[in-house]
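# Fold and geometry: a report
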Amino acid sequence: MSLSKLLASRQNDATLLSAVGLDIPVGDIHYQFSPAQLIEHALQRKEGSLASNGALVVTTGKYTGRSPNDRFIVDDSKKVHTDIDWGEVNHPTTPEVFDKVYAKVLAYLHNRAVYIFDGFAGADAKHRLPVRFINELASQNLFVHQLFIRPTQAELADFTPKFSVIAVPGLKLDPKTDGVNSEAAILVDLERRLVLVVASQYSGEMKKSIFAVMNYLMPAEDVFPMHCSVNMPKTEDKDVKSALFFGLSGTGKTTLSADPDRILIGDDEHGWGPDGVFNFEGGCYAKTIRLSKENEPEIWEAIRFGALVENAVLHPQTRELDYDDDRITENGRVGYPIEYIPNAKPDGLAPHPATVIFLTADAFGVLPPVAKLTPEQAQYHFISGYTSKLAGTERGITEPKAAFSTCFGAPFMPRPAAVYAELLTKRIQQHQVNVYLINTGWQGGPYGVGKRISIPLTRAIVNAALDGSLEKASYFTHPILNLQVPTSLPSHDDVKAQMLNPREGWADKAAYDRQATQLAEMFVKNFATFDGVEHLVSAGPRVATTV
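Residues numbered from 1 in each chain as written. Predicted model: local features only at pLDDT ≥ 70, side-chain atom pairs only at ≥ 80, totals over all residues. Heavy atoms only, no water.

## Notes on the side chain of Arg132
- With respect to the helices, strands and loops of the structure, Arg132 is situated in strand S7 (residues 129–135).
- Beyond its immediate chain neighbours, meaning those up to four positions away, Arg132 contacts Leu16, Ala19, Val20, Ile116, Phe117, Asp118, Phe159, Pro161, Phe163, Ser164 and Val165. (Helix = DSSP H or I, 4+ residues; strand = E, 2+ residues; numbered from the N terminus. Contact = heavy atoms within 4.5 Å.)

As structure tokens, this is what we get:
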């Protein structure tokens, strides 16, 4: 059967819904629509507008970022209860609450049109997860079509979902009667293999829910799941190595991995298994605020027909996008398929890395632009996961705030931190990987006083890490932060020593010392909350503090 006949046979096929428990009458069922069809439907339904560059532009209402307090995992079995690191990040809910919300979802979808996309999470066929997405909105279905891995015709013919996501942003919940925290809820049932995304139109909720599922499943398959971007050199050398960039939203993972001189594997979520690294995704989800053609040419050119832009300001007459306008949010986003990056590797597979980079955006202005980490320091800073939450990345964050996110991705890591840290250590030791901490935050003072480290400076530092020249640099030990800071960047003469020593950029050196001590104390206090890592304490900052 040809692809066109296969797709035609599945339009309005109710078995697509019954396979995931949706035994209800709905309106039209639009299956595996092309981007052009989805954009056409989105425009007809007034879900968004077309920009002058061809991208579909939508606004997502009050939810312009993830809503972490509205995300729950169903605690309905002994296995799930034991596996999950319950607490401030992973909130439990009951099967009864899930059932109540699910019933409301079913009632809401009654006689409504739905859009269905079948795709994979995981480029490695040995570890991939087949997922069925059921969307109320054509624009959100476009997002998952572009962000997840699109099946071949043969794969589609035999597709059986192992997990499903139902997204209904038009449904509002009642926290008093539904057992949730607000009108919105993201409910993950690992036993039922079903995710419900209610009230939020922010597409990142669908993406991150499935990656949390992958991060739960992969350790059992000896795969280290990572919140990171990956690229590799353009070379035919059989001994080529990749590079990993860990970091939370706003730290530069997408920007720094989209390098015209290197091959992109992916920008956000990957697995590192016995055979190498593989992308979880089939697309990229980049921030658009202050995007420029000069500094991010690959992302700039990727924003075209087929891309979905969320919450960027669109001029009503010219239909030009203004990436510098933050009146909607600092967290404007664009989703596009990875093939829109000209030097991307379409199969999503990469060799083992030679370099691991931890990215942080330090709002205190005290971390150096780069530091080399020992194996013990790598574990310390991976477990700590320090950065600053940037404005708009999550609801309620209106200015940068210091935060520790375990494994540089706590919201997406359901298992205890030790599970992921042990896998990191295992892989680093196996492949003798160099690890660096790179600060893309502020210099010369804290946020509001100092300036953001420039992208060109960060790129020069990254290049020095990747080409091996940083291994030849001389280093001094930061007396408070206990980090090895280079005094120069060999082969990068334009980077001066004072640009690498954070203290030199402050007019008031005593104020720098106080700020550095304050941040160091935060590191120590946070690390004291973890069990079984006492042997790593000496790898952290050198301060005497009461915790």
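Text resumes after the structure shown.
## Considerations on the sheet that holds strand S10 (residues 194–198)
- The eight strands lie next to each other as S1-S6-S7-S8-S10-S9-S4-S5, forming an open sheet whose pairing is mixed. Across the chains shown, the open sheet's two edge strands, defined by having one partner strand only, are strand S1 (29–31) and strand S5 (91–93). Mean inter-strand twist for the sheet, computed between neighbouring axes without regard to direction, equals 25 degrees.
- Alignment of S1 against strand S6 (residues 114–121), held across three bridges, turns out to be parallel. Looking at the pairing, Tyr31 lines up with Ile116 of S6.
- The strands touched by helix H5 (residues 95–109) are strand S4 (71–74), S5, S6, strand S8 (163–168), strand S9 (185–189) and S10; relative to S10, the strand with the most contacts, the crossing angle is about 65 degrees. (Pairing = 2+ DSSP bridges. Axes fitted to C-alpha atoms, helices over the stretch in contact; angles between N-to-C directions.)

## Structural notes on the nonpolar core
- Counting residues in hydrophobic clusters, the biggest one holds 53 residues, and the most contacted among them are Phe224, Met226, Leu244, Phe246, Phe358, Phe382 and Leu483.
- Of the residues forming this core, the biggest block, seven residues, is contributed by helix H16 (residues 509–527).
- Among all residues touching Leu244, those that are not within four sequence positions of it are Met226, Cys228, Ser229, Val230, Trp272, Val277, Pro353, Thr355, Val356 and Ile357. (Core = buried A, V, L, I, M, F, W, Y, C linked by side-chain atoms within 4.5 Å. Buried < 20%, exposed > 50% of the residue type's maximum accessible area, 1.4 Å probe, protein only.)

## Re the sheet that holds strand S16 (residues 283–287)
- Taken in spatial order, the five strands line up as S2-S3-S17-S20-S16 in an open sheet, and their pairing is mixed. Strands at the two margins of the open sheet, each flanked by one partner only, are strand S2 (49–50) and S16.
- For strand S3 (residues 56–58) and strand S17 (residues 308–310), the ladder comprises three bridges, and the chain directions are parallel. Bridge pairing links Val57 to Val309 in S17.
- Sitting on the sheet, helix H6 (residues 138–147) is in contact with S3, S16, S17 and strand S20 (333–337), with an inclination near 115 degrees to S16.

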